[in-house]
Amino acid sequence: MIPGSHLFKEPIPNLQDPAQYETLPASGEDVQFQVTFNGKTSECNHTFLQREAYSLILYPDAAGIQCNVVSDYIKKNYNGKPLLRFLNTLSEEINTTVGEVSFHLLSDYSVSPNETVNRGEYPAVSCSSTSGKCSELNLGLLDFGASYTFILMEASGQIVAHRMEDVKANSVHIAWQIPQYVLLTIGEVMFSITGLEFSYSQAPANMKSVLQAGWLLTVAFGNVIVLIVAEGATLEQWKEFLLFAGLLLGVCIIFSVMANFYTYVDSDQLDKTHMEDSGREEDDDDEDHVKKKSNDVKLNKRGKSTRF
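Residues numbered from 1 in each chain as written. Predicted model: local features only at pLDDT ≥ 70, side-chain atom pairs only at ≥ 80, totals over all residues. Heavy atoms only, no water.

A few points about helix H1 (residues 177-201)
- The first and last C-alpha atoms of H1 sit 35 Å apart over 25 residues, in line with the 36 Å expected at 1.5 Å per residue.
- Inspection of H1 places Ser 192, Gly 195, Ser 199 and Ser 201 among the buried residues, and these make up the whole buried set. (Helix = DSSP H or I, 4+ residues; strand = E, 2+ residues; numbered from the N terminus. Expected span 1.5 Å × (residues − 1). Buried < 20%, exposed > 50% of the residue type's maximum accessible area, 1.4 Å probe, protein only.)

This is the structure:
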């Protein structure tokens, strides 16, 4: 097969899915494919668009080899769930339902569009055809991040699904989360503890708990913003990250301006002033107590003199 300037010298086995995509120059003109089968060469033409992915379906008929180019279009709101499509090689229409998604397949090598389904095991998918040869299909495990093409064909009087994994499932080791959690922990230590220490050291003794509670209240407001954006805004994940980064940058600028004009208080001096004020209050209380006791003595003396 020769698509454009790419040459596949090795024969392509039956039901073979290439290991990777091949890039082609997309000049807006037709690209010619030459396919050799049983000594006969057939030609196929198709116009490819830039930044698009396609699958080339090759199948034999009485005239030789036929080509069917289908787009591997993926929805913009793709959320990482398994992608699934069917290729019907039979001469009858087939209907099948995977989870909550229904597929209607036309006859003679028609391909259904890519659809997302929930991750899980699908050992018995309902299937119906006019001949009654299709009752259940075993699709196996459909995993996150993967893209599957199932070729429906007849074997031993029953319609079966041959599985091809176009894009392999996600297989990231859990240890890759360690650097991320290290960075999150460093950020939490530098931000949260610093804020608590600031609210404690700059507050009067009788308002330290109140200001620390106010600091934690701002954290709660931040969590509310995250909840609204993540659950209610329905933004793509990269847009959420960009929004949070913009908000963080804005907060950093505001805090920098406020810190430039803020007059810091020496916590030791603040505690010393508070102790002096407390001492004065105690002295005043002692003086009031002495005065009150002196007045009581005078009244007592007057009372004794009147009784004589």
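More follows now that the structure is in view.
A word on the environment of Ser 112
- With respect to the helices and strands, Ser 112 occurs in the loop between strand E9 (110-111) and strand E10 (115-116).
- Owing to a relative accessible area of 6%, Ser 112 belongs among the buried residues under this scheme.
- On a C-alpha basis, the gap between Ser 112 and Val 70 in space is 9.4 Å, while along the polypeptide they are 42 residues apart.

Description of the nonpolar core
- Counting 22 residues, the largest nonpolar core has Leu 84, Phe 86, Val 98, Leu 137 and Leu 139 as the members making the most contacts within it.
- Within the residue set of this core, elements represented by two or more residues are strand E6 (83-88), strand E7 (94-98), strand E8 (101-105), strand E12 (125-129), strand E15 (147-155) and strand E16 (158-167).
- The contacts of Leu 137, once residues within four sequence positions are left out, are Phe 86, Thr 96, Tyr 122, Pro 123, Ala 124, Val 125, Cys 127, Leu 152, Ile 159, Val 160 and Ala 161.
- Residues Ile 57, Tyr 59, Leu 87 and Met 164 belong to the second largest nonpolar core, which totals six residues. (Core = buried A, V, L, I, M, F, W, Y, C linked by side-chain atoms within 4.5 Å. Contact = heavy atoms within 4.5 Å.)

Brief notes about the packing of H1 against helix H2 (residues 208-232)
- Interhelical geometry of H1 versus H2 gives an angle of 150° and a closest axis separation of 8 Å. The orientation of H1 relative to H2 falls into the category roughly antiparallel. For the pair H1 and H2, the sense of crossing is right-handed. Judged by residue contacts, Phe 191, Ser 192, Gly 195, Leu 196, Ser 199, Tyr 200 and Ser 201 of H1 engage Lys 208, Leu 211, Gln 212, Trp 215 and Leu 216 from H2.
- Here the contact of H1 with H2 is composed, by residue class, of six nonpolar, five polar and one charged. (Axes fitted to C-alpha atoms, helices over the stretch in contact; angles between N-to-C directions. Parallel < 35°, antiparallel > 145°, perpendicular 65-115°, else oblique. Left-handed = near helix turned anticlockwise from the far one by under 90°. Nonpolar A, V, L, I, M, F, W, Y, C, P; charged D, E, K, R; others polar.)

Comments concerning the pattern of salt bridges
- One pass over the structure, following the stated rule, counts three salt bridges.
- Glu 154 serves as the salt-bridge partner of Lys 133, at 2.9 Å between the closest nitrogen and oxygen. Of the two residues, Lys 133 sits in the loop between E12 and strand E13 (136-137) while Glu 154 sits in strand E15, which places them 21 residues apart along the sequence.
- Using a relative accessible area of 29% as the deciding quantity, one classes Lys 133 as partly exposed. (Salt bridge = Lys/Arg side-chain N within 4 Å of Asp/Glu carboxyl O.)

Section: the pairing of E12
- Of the two faces of E12, only the one carrying Val 125, Cys 127 and Ser 129 is buried; Ser 126 and Ser 128 on the other face are not.
- Note: E7 against E12, four bridges, orientation antiparallel. Following the sheet pairing, Ile 94 is matched in E12 by Ser 129.
- Relative to E13, E12 is paired through two bridges, and the arrangement is antiparallel. Within E13, the position partnered with Ser 126 by the bridge is Glu 136.
- Taking the residues that link successive antiparallel strands as the turn, the E12-E13 hairpin has six residues, and the phi of Gly 132 there is positive, at about 75°. (Pairing = 2+ DSSP bridges.)

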